[in-house]
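Given next are the chains, with one letter for each unit.
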Amino acid sequence: MTQKLSIENLVIEAKKPTGKWFEIIHGVSVTVKPGEVLALIGESGAGKSTLGLAALGYSRPGTRITGGNVRLGEMDILNLTRPQIRDFRGRQVAYVAQSAYAAINPAIVLGEQVAEGLLVHTIGNRAERKRRVIKMMEILDLPDAENMARQYPHQVSGGQQQRVMVAMAMIDKPGLIVFDEPTTALDVTTQIEVLKAIKKGNREKGNSAIYISHDLSVVAQVADRIVVLLDGRIVEIGNTPELLANPQEDYTRQLLGAVRQIPKVTTGKIYAPRTGEGAGPPLLELKGIHASYQRSTWLHPIPMNRNILRGVSFQVEAGKIVALVGESGSGKSTIARVISGLLPPISGELRFQDKPLPASIRQRPLDQLRRIQMVCQSPDTTLNPEQQISEAIGRPLKLYFGLKNSQRRERVEELLSMVELPGDYADRYPSELSGGEKQRVSLARAFAADPEVILCDEILSALDTVVASAVLEMLKNLQRKMGTAYLFISHDLATVATIVDRVVVLYAGQVCEEGPAAKVFAPPYHPYTALLISSVPELRTGWLEDVLASRQAETGIVHGGMAPRDNGCAFRTRCPLAIPGLCDLQPPGKKILANGHVVYCHREIQELSQ
Amino acid sequence: MNFHATTDKQKKKTRRRARPRLTLAAKIGLIILLLHGLVAILGPVLAPESPAEIVSDDSFLGVGECGLLGSDYLGRDLYSRMLHGARMTIGTALIATIAGFLIGMALGFTGAEVGGWVDNAISAFVDLLISFPPILLSLVVIVALGNSLLVLVATVAVIHAPRVARVGRAIAMDVATKDFVEVARTRGEGLWSILSREIWPNTIRSLAAEFGLRLTFSILFLSSLSFLGLGIQPPTADWGVMVRENMSGLLYGSGAALFPAGAIASISVGINLVVDWIVEQTGQEISGEMLK
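On a predicted model such as this, the values are computed, not experimentally measured, just so you know.

(A) Spotlight on the overall build of chain B. Of regular secondary structure, chain B possesses ten helices and zero strands. Element order for chain B, N to C, with α for helix and β for strand: α-α-α-α-α-α-α-α-α-α. Out of the 292 residues belonging to chain B, those deemed buried represent 45%. For chain B, the share of sequence-separated contacts (at least 6 apart) that also reach a separation of at least 24 residues comes to 70%. Carbon together with sulfur atoms contributes 68% to the accessible area of chain B, which is approximately 14,100 Å² in total.

(B) Spatial organisation of the sheet that holds strand β3 (residues 37-41) of chain A. Residues and elements named next belong to chain A. Taken together, six strands build an open sheet; the order of strands is β6-β7-β8-β3-β9-β10 and the sheet is mixed. A single partner strand is all that each edge strand has here, and the edge strands are β6 (93-96) and β10 (233-239). Each strand axis lies, on average, 15 degrees off the axis of its neighbour in the sheet, ignoring direction. Both β3 and strand β8 (residues 208-213) contribute to a ladder of five bridges, which runs parallel. Note on β8: the bridge partner recorded for Val 37 is Ala 209. Docked against the sheet, helix α7 (residues 158-170) engages β6 and β7 (176-180), running at close to 170 degrees with respect to β6. On top of the sheet, helix α8 (residues 188-205) reaches β3, β7 and β8; it is set at about 160 degrees to β8, its chief contact.

(C) Looking closely at the pairing of strand β4 (residues 63-72) of chain A. Residue and element names in this part refer to chain A. Two elements, strand β1 (residues 5-15) and β4, share eight bridges in a ladder whose sense is antiparallel. Within β4, the residue paired with Leu 5 across the bridge is Leu 72. In this structure, β4 lies alongside strand β5 (residues 75-76), joined through two bridges in antiparallel fashion. The residue bridging Leu 72 from the neighbouring strand is Met 75, located in β5. With antiparallel pairing between neighbouring strands as the criterion, β4 and β5 make up a hairpin whose turn holds two residues, including Gly 73 at a positive phi of roughly 60 degrees.

(D) Main features of the pairing of strand β13 (residues 321-325) of chain A. Residue and element names in this part refer to chain A. Most of β13 sits out of view: five of its five residues are buried. Of the two faces of β13, the one lined by Ile 321, Ala 323 and Val 325 and the one lined by Val 322 and Leu 324 are each fully buried. In this structure, β13 lies alongside strand β19 (residues 502-507), joined through four bridges in parallel fashion. When the sheet's bridge partners are listed, Ala 323 is paired in β19 with Val 503.

(E) Region of the structure containing a nonpolar patch on the surface. Residue and element names in this part refer to chain B. The grouping of Ile 135, Leu 139, Phe 227, Leu 228, Met 247, Leu 250 and Leu 258 at the surface amounts to a nonpolar patch, some 590 Å² of accessible area in total. For the nonpolar patch, the secondary-structure elements that each account for two or more residues are α5 (134-145) and α8 (191-228). The residue Leu 228 is located in helix α8 in this model.

(F) View of the pattern of salt bridges. Summed over all chains, the structure comprises 39 salt bridges over all chains. Of the charged contacts in the structure, one is a salt bridge between Lys 33 of chain A and Glu 36 of chain A, with a shortest N-O distance of 4.0 Å. The class of Glu 36 of chain A is buried, set by a relative accessible area of 6%. Salt-bridge contacts for Arg 187 of chain B lead to Glu 189 of chain B; the nearest nitrogen and oxygen are separated by 3.0 Å.

Reading the values: the criteria
Residues numbered from 1 in each chain as written. Chains lettered and ligands numbered in written order. Predicted model: local features only at pLDDT ≥ 70, side-chain atom pairs only at ≥ 80, totals over all residues. Heavy atoms only, no water. Helix = DSSP H or I, 4+ residues; strand = E, 2+ residues; numbered from the N terminus. Buried < 20%, exposed > 50% of the residue type's maximum accessible area, 1.4 Å probe, protein only. Contact = heavy atoms within 4.5 Å. Areas by Shrake-Rupley, 256 points an atom, 1.4 Å probe, with all protein chains shown as cover. Pairing = 2+ DSSP bridges. Axes fitted to C-alpha atoms, helices over the stretch in contact; angles between N-to-C directions. Patch = residues over 30% accessible without salt bridge, like charges linked within 9 Å, V, L, I, M, F, W, Y side chains within 5 Å. Salt bridge = Lys/Arg side-chain N within 4 Å of Asp/Glu carboxyl O.

Below is the structure:
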């Protein structure tokens, strides 16, 4: 069933908005041997997805295949008729998209969506289809498959949705599956489950695969061979272990160099702590913050435990970088919204520079607003598309400092050079900038206010690794120069470990550990921190197997992905150290260690040391 | 560390914000609108006769038999009345649409940005106004306040306002949740600044399309009021009035009613051609974004 895929001299063109066609894939040749997993790696715009889709004989609207050919075994895919293509896709090749959230139909139960491939290609009767669907879901480690097949997408977690999508692709036993960044949108903890399922599925079904990713550490776990792409051309092809150990091309080395990892330490420092720790009152202080997007009213009372944030307390000291880490849904961004005043908390106290910070923007004086600036995650929405860069950066200068005309222009260019962009960028519109450049402008806009603290909400997560590395480096330099404090929100622990002073670990709206980075990233860990850290993929083959072998089976699996929100410890359903009768009834106690290192757990510190 | 010097620059967009090109349909639409505009401005100067002057003893003379387009039911010069009518028809519709837009956008944008009870109150008010059928609303107003030009224009504006408010609110809501608007809010910008600098420029294209459609509606609606005898009153030259006046001519084989009707139709077609192009442009922008 599994046949060799060969792509020869493939040329693909894309259409500019002006209507002109230009080449985006310049004669690429690749083969995927039967049973092999081939990774396509490169930055966004390198042509990974375009190439992957071409293996299905598909070109996205606005692109066209103009040269070369694609063969699966003896079949010439690009010259199939429409009915042939319909039969070919699904049965011979299948596709797994990046976002299950966008690719799964929210109105149809999961089992039926998985069965659709069988139905379209009229395979088996109803009972037979059901049996195969459930078997497929079990192969992919979906818990309680029979029951889950009857559930709707919103009733299961993101990682489970992604695995259902893999099941949809594998159900017809295709010889080749194209995985297009299947774990990029997931948390590291969920990523492991999906990677494990994909590996297991590939092995049991014996299919070959094209695995598209920008993350070398992930690719190292699943791929037999790696193809490095840059601007629609192949830079390097190699077997995974050799390419990682001994890259031949500069660009590959650059990619490898940009991979950030949590430094291996058992004790001691990761990032040298600055002097003057703990002197004076903190710059920003949160005390027992409860916040929610729903308002509790007399008619619809919402218990405090249902809130997004449930009693969050921590501090940011002047000129320090504090990281807020945790999985998606833990309330990281909500904290940024509370501090910025966009979301007034239900209860709790905010203090800034030793004075109470009013809850909403309207109550805060302009000068206080100036001192707290925000930088957002998505480069595409952070700048007003109708404003020139000079306007975007110039506005805070005018609003806060009343700078006019030439003075303002001068300062705008100064700020641009601070974020390492040429001064003439001031005359551009956001659509003329790349993602990394937009984030730089966004930072320049924040620095224009000369703030005390900048709230950085996942500002690197939408960027390519190499670009993100450069922005991260610049952030460090600026911090040293300006002495601004950052609240650095990220789900990427490897990034956090390289720049921050303090780390606050958040789970289900509660702080479960906080302290200096060197302490948090070294044992003893809170069980959740341990899970997070061990889930960050390492840049070596075999890491996935090692982790799965060393890990207790039950961690990571949460039905529906919802943490319990009652008086007990929220993490207990995933915790290998949970004590029945204690952890599910009482809130975890605060254990204070040296250097302001705090762990919230029922277990004794000695028990957490492993 | 100067990674971005190599990687960012490779991807630098050299594409400048290009002026969108006009399609043939859009060009035709623009030419039609330009002609209408010229006639509306210069019409009274070009017209050989006064619009109220009876120039012939015979009514419903054919094309070329009296003046350029013949005579109407009273024997007035149809050509002159057409030229005079342009200003009245297009002018009133334009003013009514602009007024309706200003009110509607103010309501819709404010509701979208402020939210809470202000939004609820505005939405309820808008619902209330929309629940009146337009013709019924104008009948009531005109019967109560008379059919002066001001009342007519105001009535049409009030009919537009809630509908524009709904569309404007929906579009503004979409923009108001974007990051750059939130950043502006946390910066301490006032309501006016957020509406005018952040939201308005990003809604203008969608609203331009809406404006074109509303303008067409105004012309047709004012014409139908005239046709019913409730709108602009004879002897003022107005295309809607002229259709009604000369209707009976159709029985005698006179095309006098067809000229003003054709003029109304042509301006509607012109507006729609241009609007289609604007809508297409907004669509292109989106697919261009996706291409990256």
